[in-house]
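# Chains, contacts and geometry: an overview
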Amino acid sequence: MKKSIIIKSLTAILLIGGLILGFDGCKKTKSHTAQEPKTEDSTQVVDSLEATTPTEAPTSIRVFFDNSASMAGYLVKGKRDYNTLYNAIVALGRNYGNGVYAFTADLCCAPKGKTPQKGISYEQFKEMIDNAGIAAGSESLLNKIIGDIAEETKAHPNQLSIFFTDGIISGPAEKITADREYTTNHIEDLSGELSNAVRNKGLAASVYRFDKADFNGAYYSYDNKPKNMKGSRPIYVVALGSPKEIAKFKEWTESSEATNFQPSQVVHIGTKLPISSGLINPDQGIKNGVVEYKPSDINSKFDGLFTFKLPYSVFSDIYEKNYNFAALKDKVKVSIDGIEIPAVENDKNGNSFETVEAGQDGFIIKVRARALKNNAKMNVMIPYSQPEWIALYSTRDDRTSLSSDNTYMLDKFVGAIVNGISGDSKAETLFSQTVDLKKK
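Here, residues in each chain are numbered from 1, in the same order as that chain's written sequence. Whole-chain, interface and lining totals are the exception, using all residues; otherwise, since this is a predicted model, local features are given only for residues with pLDDT of at least 70 and side-chain atom pairs are given and counted only at 80 or more. Hydrogen atoms and water are omitted, and side-chain values are computed over all heavy atoms in the structure.

### A few points about the sheet that holds strand β10 (residues 305–311)
Strands qualify as paired when DSSP identifies two bridges or more between them. Every helix listed is a DSSP run of H or I at least four residues long, and every strand listed is a run of E at least two residues long, numbered separately from the N terminus. Here three strands make up an open sheet; going across it, the order is β10-β14-β13 and the pairing antiparallel. Strand pairing shows two members of the sheet lacking a second neighbour, β10 and β13 (351–357), which therefore form its edges. In this sheet, adjacent strand axes meet at a mean angle of 20° when their direction is disregarded. Alignment of β13 against strand β14 (residues 362–369), held across seven bridges, turns out to be antiparallel. Bridge pairing links S352 to R368 in β14. Comment: axis = line fitted to C-alpha atoms, over the contacting stretch for helices; angle = value between 0 and 180 degrees taken between N-to-C directions.

### Focus: the packing of aromatic side chains
Stacked, edge-to-face and tilted are the three classes for Phe, Tyr and Trp ring pairs, Trp counted by its six-membered ring, which pair at centre distances within 6.5 Å; planes under 30 degrees apart are stacked, over 60 edge-to-face, the rest tilted. Here the structure, examined in full by the defined rule, presents 21 aromatic pairs. Taken together, a centroid distance of 5.0 Å and an interplanar angle of 90° make the contact between Y74 and F215 edge-to-face. You can see Y74 sitting in the loop between β3 (60–65) and α2 (83–95) and its partner F215 sitting in strand β6 (residues 204–220), a full 141 residues away along the chain. Per residue, the accessibility class of Y74 equals that of F215, and both read buried. Geometrically, the ring pair formed by Y323 and F325 is edge-to-face, given 5.3 Å between the ring centres and 80° between the ring planes. One exposure class covers both Y323 and F325, and it is buried. Grouped by ring-pair contacts, the aromatic residues Y96, Y101, Y208, F210, F249, W252 and F261 constitute a single cluster. Positioned over the ring face of Y393 is R209, at 3.7 Å from the centre of the ring. Burial here depends on accessible area, computed with a 1.4 Å probe over protein chains only, as a share of the maximum for the residue type. Under 20% is buried, over 50% is exposed, and the range in between is partly exposed. Only when the NZ atom of a Lys or the CZ atom of an Arg is both within 6 Å of the ring centre and within 35 degrees of the ring normal do we say a charge sits over the ring.

### Here we look at helix α8 (residues 243–253)
The complete set of buried residues in α8 reads E245, I246, F249, K250, W252 and T253. The buried residues of α8 occupy an angular sector of 160° when the element is viewed end-on, so they sit on one face. Within α8, the exposed residues directed more than 90 degrees away from the buried face are K244 and E251. By arc we mean the arc of the directions from the helix axis to the C-beta atoms, nothing more.

### Examining the side chain of S68
Tracing the sequence through the fold places S68 in the loop between β3 and α2. For S68, a relative accessible area of 1% translates into the label buried. Among the polar contacts made by the side chain of S68, one reaches the side chain of D66 at a distance of 2.9 Å. When near neighbours in sequence (up to four residues on either side) are disregarded, S68 contacts C109, A136, G137, S138, E139 and S140. Throughout this description, a polar contact denotes any pair of N or O atoms lying within 3.5 Å of each other; where both atoms belong to protein, one of them has to be capable of donating a hydrogen while the other can accept it, and for residues adjacent in sequence the pair is counted only when both atoms sit in side chains. Any two residues whose heavy atoms approach within 4.5 Å at even a single point are treated as in contact.

### A look at the packing of helix α7 (residues 187–198) against helix α11 (residues 410–422)
Direction vectors running N to C along α7 and α11 enclose 40°, while the axes themselves pass 7 Å from each other. Between α7 and α11, the angle falls in the class oblique. Considering how the two elements wind past one another, α7 and α11 form a crossing that is right-handed. Contacts from I187, E188, S191, L194, S195 and V198 in α7 reach K412, F413, A416, I417, N419, G420 and I421 in α11. Put simply, Ala, Val, Leu, Ile, Met, Phe, Trp, Tyr, Cys and Pro go in the nonpolar bin, Asp, Glu, Lys and Arg in the charged bin, and everything else, Gly too, in the polar bin. Here the contact of α7 with α11 is built from residues that sort into seven nonpolar, four polar and two charged. Angles below 35 degrees are treated as roughly parallel, those above 145 as roughly antiparallel, those between 65 and 115 as roughly perpendicular, and all remaining angles as oblique. The hand of a helix crossing depends on one turn: near helix anticlockwise from the far one by less than a right angle means left-handed, and clockwise means right-handed.

### A closer look at the confidence of the model for the protein chain
Of all residues in the protein chain, 80% have pLDDT values of 70 or greater, and the mean over the chain is 79. Mean pLDDT in the protein chain bottoms out at strand β2 (residues 43–46), which sits at 28, and peaks at strand β5 (residues 159–165), which reaches 95. For every residue, the predictor states its confidence as a pLDDT score lying anywhere from 0 to 100.

### Re unusual backbone geometry
A negative phi holds for most residues other than glycine; trans holds for most peptide bonds. You will see that N200, though not glycine, has its phi angle at about 60°, which is positive. In this structure, N200 sits in the loop between α7 and β6. Overall, the relative accessible area of 70% leaves N200 in the exposed class. Unlike most non-glycine residues, N288 shows phi in positive territory, near 55°. Here N288 lies in the loop between β8 (265–269) and β9 (290–293). On the basis of relative accessible area, N288 is assigned to the exposed category, the value being 83%.

### Observations concerning α7
For a helix, the expected span equals 1.5 Å multiplied by the residue count minus one. Taking 1.5 Å as the rise per residue, α7 with twelve residues should run 16 Å; its terminal C-alpha atoms sit 17 Å apart, in good agreement. For α7, every residue scored as buried is listed here: I187, L190, S191, L194, S195, A197 and V198. For α7, the arc enclosing every buried residue in end-on projection is 160°, short of the 170-degree limit, so these residues lie on one face. Packing partners of the buried residues in α7 comprise α4 (142–155), α6 (182–185) and α11. N200 sits one or two positions beyond α7 and adopts a positive phi of about 60°.

Following this line, the structure appears as structure tokens:
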């Protein structure tokens, strides 16, 4: 941030003076930006007004930390290992952007009657994590916290917001006290509220899971009854930002520079669903969404067969690198002129399709359209499915089994973010591309 500018050119000074007189009564307001590292000489000298043209603002990192009562077990005072938390914070503050990005942290909760601490510097926050400990506050409602973060992020397009949480959706404490099954009975309402909190804000997101963070304290099950637990628990990082910021952060997390930021699993919600392109036709080729064919070829040479390849790279903005992409081939659906055709077995018109793997980089969809006589529209669709790890680590009842792996209603938590950012009407579809089959 330039704190002052000395204009050396007399012409420039006169020009500015004229502008001030011409716009008498107008007032400038200062915009709030995160503090950047200071340089030895904060005074910049420019020789022309052209040098004052603003450039694109650099990324700023804003960490939001869920320090609610349910997180107290992660926050044992003076216990360095938190390693997972500590390493992730160091990676964000020191490694991402080579440590030059502005960094501030906010605590989301505070004891009753107190205000959550905000605007914490990187060095202060690292010290809190490393030595001093972080005091746990009262309850946290993820719907409200993430909604506030989304609004804050929307207002600052160059901000990357990072939210540390245990990822457990919960209703208000007083509601649960009156009805211990409140959260379970109202999970659709609660997840719907979370979806609404991130919807229509122009944001993308990534949800990272870290399998093991040290935990020693009271674990609150969904009925809000505490149970002592010592061991490790998963912790989650929700990254929110513009699609550009999320793509940049995703690229960094997959690079060798992110040595301290090592999540076990991740799902990205950075592409607007459904994905509407990606099919490759190696025989006839696809031009402007059209595949041209000769009826004679269809009836004889190809026996009504159209071959399409769908590369796995099409899904890279949504699923992590180690996702089981081959599982998607069993979810493919094909329709011709709005009528779904069966897989493998022909229908009464002799139409069918088959999907087979094609090495490590994609799969082949073979569409047999023997009854094709004129122009037609063929659609290939794949419904959205959450990565396997989300269902694997979700549990509906965390009262009796304190598994160190599972998280209560994790699928609802992640699904709510996916649905909210993608839009409910589209989130059920991962891929949908229509190709015009046009007779030559």
